Each structure stands twice: as C-alpha cells, then as structure tokens.
Amino acid sequence: MYSTIYVEREVSEHSLTQRVLSQFPSADKVECERYGEIFNRKAQDFRLQKQRPSLMLARKYGNHVLPVPAGYGVGGDHNYYFSVMLNCIYDCRYCFLQGMYRSAVHVVFVNYDEFAESIRNSASEHGSHEQVWYFSGYDCDSLAMEPIIGMAEYFIETVKSLDHVWLELRTKSTQIRSLLNQDVVPNVVTAFSVTPDRISASLEHKVPRLDKRIAAMVRLQERDWKIGLRFDPLIFVRDYQVQYHELIEKIFSSVDPDLIHSVTIGTFRLPKEFYRTLENLYPDSQFVAQPFVLSNGTVTYPKSVETDMKGWCYERLVEFIDSDRIHFDELELESG
Ligand code: SF4
C-alpha cells in the first residue's frame, strides 16, 4: 500500500511507528525533522499523490482535541473532535480535505497518549451529569486505517472508564474487527456515512460498497455495539427521492432501527476557496456540475433544494426511527 514512509526523527522509536513500519517491510523509510517540511511544500500535485499516497508518521503538538463547529453533534452537552490522521485513504469527490491541504500524503500522529490525555482533561472540565462527546472521523476516516494504526482499539480503551464521555467513530469503512474482538463498550458509537449506491459509485471512489457497510452494521448490532447512520452529505440528483428511498429501505431491511443510536442529516457545504480548489482538481466531475449557490462565502445547494431534501429524508426516516434520535447537521462553516 505504501512504498514511501516518512518518519519524523522524534517518533522513529515510538512503538506505533515500529508497528506501522513492520507492516510495510519493503517501503522506503525517509527520516525528516517535521512533517510540515513535506506536507506543506508548495506546488504539490494533490491529484497525482492521491493515486499513490505516501505515509508520514509524526507527532502532533497541541490542539489534540478541539471543539466541533456549531451545529455538529448528536445532542451531547459538549462536543469535541480529534484527528490522529490528516487525509484519507478514500477519494470522495465532495471531500473538503482536497481543498484544505496542499498534499495528499497520509499523516498519522502516533502520540495517541497525548490525545488521550487531552480527552481526559477536557472531559474533567465538565460535570459528570453532562454528556461529553469526542468525534473521530469528523475530518478524516481514521477507522478505515484501523488494521494499520489501531486508533479505535486505543481510544475505546481511553473512554471505557469515563462514564459521561462518548466516542463516535465516523466512517465509511468496514474495519470493525477491533470492536468485534472485545466486549461491548456502551459509550462508543460507530457512525456509518451512507449514500445511495449509484451516487456512491460515481463520487465515492475506493469506498466499500453499501452492502458491505450494511453487513458491518449488522455484525456490530448482533454484538450489541451501538451504531449510527449519517446521511451527510445528502447529494442532490434529479431522482434523489427514488435513490434515497431505495437506500433507506435497503438499510432497514437488514439493520434493526430500534437499535440505532442516532441518525444525522446534512447537506453539502464548503467554503468557497475549498470549492474552487475542488473544481480545479476535477473540472470534469459530475459533482462540480451540481446546482450550487454561493451563500455567505459557502458553496451549497439553494435553500429550497436543501430544505426539500432534508425534509423528504426526515419524513422517510421517521417511519423507522423516533424523531428524537434524528439530528440535523447545521454546520456553520467559515470561509477561508
Ligand atoms: S471518506 Fe470522508 S474523509 Fe474520506 S475522502 Fe470521503 S469524505 Fe473525505
């Protein structure tokens, strides 16, 4: 998978660095001082790198845990996100990471212990009667790398004994083995992002097929792990009602709706500078031909389209799920 692995000298002896390197014995190992030397270089070809990305193992300094943007969450009192990884092994045409970074190199921060300490410290600032949520996968699909980096395994252990703390693992992957290999932890939710088959096939490259994700959901439910569904972003197509109807029917023909922890619904929105980058990277993509509008520095669907899609999906979903488990992502993204 990786033919070049960059390693910051500071973490070259770290146990996770060694674990990852041992899985790619024929990769070239290149030492560097700080990941930014490579990651932030100018004039990188994101599209080319995306086809055959390298891996970088680094240490993250500061800001291990950050508050989520307003409007993100599933009803918790306090919401944070953390990212042990920059960039993603999947390649969704609408992904905002493409506009965010100059490089498609996969960066993994191996100092999980410092992330865990930040989780414990920030959680301790809130009363034990309050729900404090930590989202992994808000800006990368780190569960997709689980066999290599063991992120879920580590952070499930972190939150296991913190009663008021919840962990969401948001993913489009089927990498659930580390969960199935252990007893259920009730304050962990694996939240699957879903889109109709045909939309996924055209826009979500390298993402596991919906059938496989549904099979992963079922296996988790069978073992009493909580799962969530994320209809986010909803993607507009002319026959979206047909396609999303098929999607919802397909999911609930296998997945038990009574055991769904939460559902979120959100539509595509992206700061305009990120969107311009995306347009430049993939000018022929069907996605950039969508009927977007610019609203307060954010590229999104016209209000009427957004309201129709969200409302329509909500009406279908309440046929299966109580309304108090359905949340709307009302992200307030900042431009630039
Ligand atoms: S799975 Fe998520 S993070 Fe990964 S490319 Fe797709 S949208 Fe981006």
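Throughout what follows, the structure given in this document is the object of discussion. Bear in mind that the values here come from a model prediction, so they are computed numbers and not experimental data.

Each value, and the rule that gives it
Residues numbered from 1 in each chain as written. Predicted model: local features only at pLDDT ≥ 70, side-chain atom pairs only at ≥ 80, totals over all residues. Heavy atoms only, no water. Phe/Tyr/Trp six-rings, centres within 6.5 Å; stacked < 30°, edge-to-face > 60°. Helix = DSSP H or I, 4+ residues; strand = E, 2+ residues; numbered from the N terminus. Buried < 20%, exposed > 50% of the residue type's maximum accessible area, 1.4 Å probe, protein only. Lys NZ or Arg CZ within 6 Å of the ring centre and 35° of its normal. Axes fitted to C-alpha atoms, helices over the stretch in contact; angles between N-to-C directions. Parallel < 35°, antiparallel > 145°, perpendicular 65-115°, else oblique. Left-handed = near helix turned anticlockwise from the far one by under 90°. Contact = heavy atoms within 4.5 Å. Nonpolar A, V, L, I, M, F, W, Y, C, P; charged D, E, K, R; others polar. Near = heavy atom within 4 Å. Pairing = 2+ DSSP bridges. Salt bridge = Lys/Arg side-chain N within 4 Å of Asp/Glu carboxyl O. Core = buried A, V, L, I, M, F, W, Y, C linked by side-chain atoms within 4.5 Å.

### With respect to the packing of aromatic side chains
- Here the structure, examined in full by the defined rule, presents 28 aromatic pairs.
- Plain terms: the ring middles of Y72 and F135 are 5.1 Å apart, the flat faces sit at 80° to each other, and that makes the pair edge-to-face. Pair noted here: Y72 is in the loop between β4 (66–67) and β5 (78–82) and F135 is in strand β9 (residues 132–136), with a separation of 63 residues, a long-range link.
- Of the residues examined, F135 reaches a relative accessible area of 0% and is grouped as buried.
- The rings of Y94, F236, Y240, F268, Y275, F287, F292, Y301 and W312 are connected pair by pair, giving a single aromatic cluster.
- Geometry around F109 places K60 over its ring, the cationic atom sitting 5.7 Å from the centre.
- One residue, R316, lies across the ring of W312, its end atom 4.9 Å from the ring centre.

### Quick notes on the packing of helix α11 (residues 240–252) against helix α13 (residues 303–317)
- For the pair α11 and α13, the least separation of the axes is 11 Å and the interaxial angle reads 30°. On the basis of the axis angle, α11 is roughly parallel to α13. The element α11 and its partner α13 pack so that their crossing is right-handed. Taking contact as the criterion, the partners of Y240, Q241, Y244, H245, I248 and F252 in α11 are, on α13, D308, M309, W312, C313, R316 and L317.
- Its residues placed into classes, the contact of α11 with α13 shows eight nonpolar, two polar and two charged.

### A look at the environment of K272
- Note that K272 resides in helix α12 (residues 272–281).
- In sequence terms K272 and G99 are 173 residues apart; their C-alpha atoms lie 9.4 Å from each other.
- If sequence neighbours within four positions are ignored, K272 has contacts with L294, G297, T298 and V299.

### Structural notes on the site of the ligand
- Taken together, the neighbourhood of the ligand is formed by C88, Y90, D91, C92, Y94, C95, L97, C140 and K172.
- For the shell around the ligand, the per-class residue count stands at seven nonpolar, no polar and two charged.

### Looking at the sheet that holds strand β18 (residues 326–328)
- Spatially, β4-β5-β9-β10-β11-β13-β14-β18 is the arrangement adopted by the eight strands of the open sheet, whose pairing is mixed. Bordering the open sheet on either side are β4 and β18, each of which pairs with just one other strand.
- Direction of pairing for strand β10 (residues 165–171) relative to strand β11 (residues 188–193): parallel, over a ladder of five bridges. When the sheet's bridge partners are listed, E168 is paired in β11 with V189.

### Observations regarding the pattern of salt bridges
- Summed over the entire model, instances satisfying the criterion amount to 23 salt bridges.
- Taking the shortest distance from any N to any O, the salt bridge between R198 and D239 comes out at 3.6 Å. With R198 in helix α9 (residues 197–203) and D239 in the loop between β13 (226–234) and α11, this pair connects stretches of sequence that are 41 residues apart.
- A relative accessible area of 46% places R198 in the partly exposed class.
- Salt bridges sharing partners connect three or more residues here, namely R9, K29, E31 and E33.

### A closer look at the nonpolar core
- Grouped together as the largest cluster of nonpolar side chains are 107 residues, with contacts concentrated most on Y134, F155, F231 and Y244.
- In terms of residue count, α11 provides more of this core than any other element does, six residues in total.
- Judged by nonpolar contacts, the second largest core, of nine residues, contains V68, V74, W133 and Y138.

### Observations concerning the pairing of β5
- Among the five residues that make up β5, four are buried, leaving the element largely enclosed by the rest of the structure.
- In this structure, β4 lies alongside β5, joined through two bridges in antiparallel fashion. If you follow P67 over to β5, its bridge partner there is Y80.
- Sheet topology note: the β5/β9 ladder contains five bridges and is parallel. For Y80, the partnering residue across the bridge sits in β9 and is Y134.

### Quick look at the sheet that holds strand β6 (residues 85–86)
- The strand order across the open sheet built from five strands is β2-β1-β3-β8-β6, with neighbouring strands paired in mixed fashion. Two strands bound the open sheet, and with one partner strand each, they are β2 (28–32) and β6.
- In terms of strand pairing, strand β1 (residues 4–8) meets strand β3 (residues 55–58) through three bridges, oriented parallel. Considered in β3, the bridge of Y6 is made with M56.
- Packed on one face of the sheet, helix α1 (residues 15–22) meets β1, β2 and β3 and runs near 160° to β3.

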